[in-house]
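# Residue-level structural notes
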Amino acid sequence: MQPSEPRRRVVVGVDGSPSSYAALRWAVDYARLVDGQVEAIHAWDTPSSAGWTGPAIDPDFDLQQARERFTEELRDVFGDDRPAFLETYLVEGDPSEVLIRASEGAALLVVGSRGRGGFARAMLGSVSQRCAQHAACPVVVVRQDHRPESRKKS
């Protein structure tokens, strides 16, 4: 008997934007087709904690806020039907750098076309553009779809 081939790693960036929700749905649908594993990554960054740039910020508080936001984002996309092959990672750092590092050894990196920041008229957001240029694997850039943003019942 031959050992089974490892599951294909599909990395996807999630930032709470409609485009990232569409990217997450796309990544899960793709992983189902290829018997893959999805690694959903939410990158968060703590503003400066000291110095002239502003007040001190408690990094533990920021981490807790990021964790709660990521949990809510996953609930918005999947409700109670979160796929078993979905792994989640909350990583501190610049989103494009975090995703580019995560792309090493992955079969595919999936990002939304525009995230929470940036200019509405930009075709690609800065994170998706940097990932497309520097990722270690193929990159799929997904535009916002027209599905409802939430599966919550009103």
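None of the values given here were measured: they were computed from a predicted structure.

## A closer look at the state of the cysteines
Applying the stated criterion across every chain, the model contains zero disulfides. Just so you know, cysteine 131 is unpaired, no disulfide at all, and the nearest cysteine sulfur is the one on cysteine 137, 9.2 Å from it. Residue cysteine 137 is classed as buried on the basis of its relative accessible area of 11%.

## Some thoughts on the packing of aromatic side chains
Using the criterion set out here, one finds one aromatic pair in the structure. Taking 5.4 Å as the distance between ring centres and 5° as the angle between the ring planes, the aromatic pair formed by tryptophan 26 and tyrosine 30 counts as stacked. Pair noted here: tryptophan 26 and tyrosine 30 are both in helix 1 (residues 18-34), with a separation of four residues, about one helical turn. Looking at tryptophan 26, the relative accessible area reads 33%, which means it is partly exposed.

## What about the sheet that holds strand 1 (residues 9-13)?
Paired through their backbone hydrogen bonds, the strands of a sheet run either parallel or antiparallel. With respect to topology, five strands assemble into an open sheet ordered 3-2-1-4-5, the strand pairing being parallel. Bordering the open sheet on either side are strand 3 (86-92) and strand 5 (139-142), each of which pairs with just one other strand. Pairwise comparison of adjacent strand axes, ignoring direction, gives a mean angle of 25° for this sheet. Sheet contacts for helix 1: strand 1, strand 2 (37-44), strand 3, strand 4 (108-112) and strand 5; angle to strand 4, the most-contacted strand, approximately 150°. In the packing of helix 4 (residues 126-134) onto the sheet, the strands contacted are strand 4 and strand 5, and the crossing angle to strand 4 comes to about 160°.

## Section: the packing of helix 3 (residues 95-102) against helix 4
In a packed pair of helices, the relevant descriptors are the angle between the two axes and the axis-to-axis distance. Following both chains from N to C, one finds helix 3 and helix 4 inclined at 30°, their axes separated by 9 Å at the closest point. Here helix 3 is positioned roughly parallel relative to helix 4, judged by the angle of their axes. Regarding helix 3 and helix 4, the two cross each other, and that crossing is right-handed. Of the residues in helix 4, those in contact with Pro95, Ser96, Glu97, Leu99 and Ile100 of helix 3 are Val127, Arg130, Cys131 and His134. In terms of residue class, the contact of helix 3 with helix 4 is built from five nonpolar, two polar and two charged.

## Some points on helix 1
Given a rise of 1.5 Å per residue, 17 residues ought to cover 24 Å, and the 25 Å separating the end C-alpha atoms of helix 1 matches this to within 8%. Buried within helix 1 are the following residues: Ser19, Ser20, Tyr21, Ala22, Ala23, Leu24, Arg25, Ala27, Val28 and Ala31. Of the residues flanking the end of helix 1, it is aspartate 35, one or two places downstream, whose phi is positive at about 55°.

## Some remarks on the pattern of salt bridges
Here the idea is simple: oppositely charged side chains can pair when their charged atoms come close. Counted by the stated rule, this structure contains five salt bridges. A salt bridge links arginine 75 to glutamate 72; the nearest nitrogen and oxygen atoms lie 2.8 Å apart. Of this pair, arginine 75 and glutamate 72 both sit in helix 2 (residues 59-78), three residues apart, roughly one helical turn. By relative accessible area, glutamate 72 is classed as partly exposed at 26%.

## Quick notes on the confidence of the model for the chain
When the pLDDT values of the chain are averaged, the result is 82; 73% of them are 70 or greater. Predicted confidence in the chain is weakest over helix 2, with a mean pLDDT of 85, and strongest over strand 1, with 97. Contacts from residues 118-123, a stretch scored under 50 in pLDDT, to residues over four places away or in other chains number four contacts. Overall, residues 148-154 carries pLDDT values under 50, and its contacts beyond four positions in sequence, including any with other chains, amount to 13 contacts.

Rules of the game
Residues numbered from 1 in each chain as written. Predicted model: local features only at pLDDT ≥ 70, side-chain atom pairs only at ≥ 80, totals over all residues. Heavy atoms only, no water. Disulfide = S-S within 2.5 Å. Buried < 20%, exposed > 50% of the residue type's maximum accessible area, 1.4 Å probe, protein only. Phe/Tyr/Trp six-rings, centres within 6.5 Å; stacked < 30°, edge-to-face > 60°. Helix = DSSP H or I, 4+ residues; strand = E, 2+ residues; numbered from the N terminus. Pairing = 2+ DSSP bridges. Axes fitted to C-alpha atoms, helices over the stretch in contact; angles between N-to-C directions. Contact = heavy atoms within 4.5 Å. Parallel < 35°, antiparallel > 145°, perpendicular 65-115°, else oblique. Left-handed = near helix turned anticlockwise from the far one by under 90°. Nonpolar A, V, L, I, M, F, W, Y, C, P; charged D, E, K, R; others polar. Expected span 1.5 Å × (residues − 1). Salt bridge = Lys/Arg side-chain N within 4 Å of Asp/Glu carboxyl O. pLDDT = per-residue confidence, 0-100.

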